[in-house]
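Topology and contacts: notes
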Amino acid sequence: MSEAVGEVAISDIAMIPRIENERDRLSIAIVYSESDYGNADISGTPESLRQVCQFMIDFVESDRVEATIATLNVDPVPYDRCLQFLSIRREVGAVKVSAIDDKLEIVGNGDRLTTFADWFNFPDDTANGYHCHHEPWDGNEEWVHPQSLPLVIGVGSR
């Protein structure tokens, strides 16, 4: 089954090695800073963040082991760099967010990834600047891997 994310079918996304057209990107920005143990920020419109949610849900419901899609190239300031891809991979355990080369990688088991996907489910009337923090802390190891990058998910544009 093929579900659409914007103009791109999830079944066609396994890996987009080269971007031919802006429609092959999710309209989100991912920025990353290596200082202070590293942290990342994903931002976009409520609609584009819901596309991330659907991308993750479609992935969990598929038989894929990994899926990757391109994101927007933006000025990362005040972060160190912009990450070009969002990658999701099945792995036993809690959700772990990592910055690897030019991608933000999210790994975890299906139930944890489905719960994590809901963090991107913002209503249309969400105010610009509203955000949430997905990060490890004592007591939530069942859901967030202790070595996961702190991640801010928010409505706004860069």
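Conventions we followed
- Residues numbered from 1 in each chain as written.
- Predicted model: local features only at pLDDT ≥ 70, side-chain atom pairs only at ≥ 80, totals over all residues.
- Heavy atoms only, no water.
- Helix = DSSP H or I, 4+ residues; strand = E, 2+ residues; numbered from the N terminus.
- Contact = heavy atoms within 4.5 Å.
- Polar contact = N/O pair within 3.5 Å; in protein donor to acceptor, adjacent residues only side chain to side chain.
- Salt bridge = Lys/Arg side-chain N within 4 Å of Asp/Glu carboxyl O.
- Buried < 20%, exposed > 50% of the residue type's maximum accessible area, 1.4 Å probe, protein only.
- Expected span 1.5 Å × (residues − 1).
- Arc of directions from axis to C-beta.
- Phe/Tyr/Trp six-rings, centres within 6.5 Å; stacked < 30°, edge-to-face > 60°.
- Lys NZ or Arg CZ within 6 Å of the ring centre and 35° of its normal.
- Axes fitted to C-alpha atoms, helices over the stretch in contact; angles between N-to-C directions.
- Parallel < 35°, antiparallel > 145°, perpendicular 65-115°, else oblique.
- Left-handed = near helix turned anticlockwise from the far one by under 90°.
- Nonpolar A, V, L, I, M, F, W, Y, C, P; charged D, E, K, R; others polar.

Moving on: the environment of Glu91. Checked against the element boundaries, Glu91 lands in the loop between strand E7 (85-90) and strand E8 (96-100). In sequence terms Glu91 and Gly110 are 19 residues apart; their C-alpha atoms lie 8.3 Å from each other. When sequence neighbours within four positions are dropped, the list of residues in contact with Glu91 reads Val107, Gly108 and Asn109. One polar contact links Glu91 to Arg89, side chain to side chain, over a distance of 2.6 Å.

What follows covers the pattern of salt bridges. For the structure on display, the rule yields seven salt bridges. Where Asp124 meets Arg50, a salt bridge forms, and the shortest distance between an N and an O atom there is 2.7 Å. Here Asp124, found in the loop between helix H2 (110-117) and strand E10 (131-134), pairs with Arg50, found in helix H1 (residues 46-61); they are 74 residues apart in sequence, far enough to count as distant. On the accessibility criterion, Arg50 (26% relative accessible area) is partly exposed.

Bringing the environment of Val92 into the picture now. The residue Val92 is located in the loop between E7 and E8 in this model. It is 5.8 Å that separates the C-alpha atoms of Val92 and Gly108, two residues lying 16 residues apart in sequence.

The next thing to look at is H1. Here H1 is 16 residues long and its end C-alpha atoms lie 23 Å apart, about the 22 Å a rise of 1.5 Å per residue gives. Those residues of H1 that fall on the buried side of the exposure criterion are Pro46, Ser48, Leu49, Gln51, Val52, Cys53, Phe55, Met56, Asp58, Phe59 and Val60.

The next point concerns H2. Within the sequence span of H2, burial applies to Gly110, Arg112, Leu113, Phe116 and Ala117. One side of H2 holds all its buried residues, which, seen down the axis, span an arc of 160°. Packing partners of the buried residues in H2 comprise H1, E7, E8, strand E9 (103-108), E10 and strand E11 (151-155).

Glancing now at the packing of aromatic side chains. A complete count under the given rule lists two aromatic pairs for this structure. Judged by centre distance (5.4 Å) and plane angle (85°), the ring pair of Phe116 and Phe120 falls under edge-to-face. Given the relative accessible area of 1%, Phe116 is considered buried. Given the relative accessible area of 0%, Phe120 is considered buried. Here the aromatic rings of Phe122 and Tyr130 are separated by 6.0 Å at their centres, their planes lie at 75°, and the arrangement is edge-to-face. Seen from the ring of Phe59, Arg90 lies directly overhead, with NZ or CZ sitting 4.8 Å from the centre. Of note, Arg112 hangs over the ring of Trp143, and the distance from its end group to the ring centre comes to 4.2 Å.

Moving on, we get to the packing of H1 against H2. The geometry of H1 relative to H2 is characterised by a closest axis approach of 9 Å and an angle of 165° between their N-to-C directions. As far as their axial angle goes, H2 and H1 are roughly antiparallel. Judged by the twist between their axes, the crossing of H1 over H2 is left-handed. Packed against H1, whose contacting residues are Cys53, Met56, Ile57, Phe59 and Val60, the element H2 presents Gly110, Leu113, Thr114, Phe116 and Ala117 at the interface. Split into classes, the residues belonging to the contact of H1 with H2 amount to eight nonpolar, two polar and no charged.

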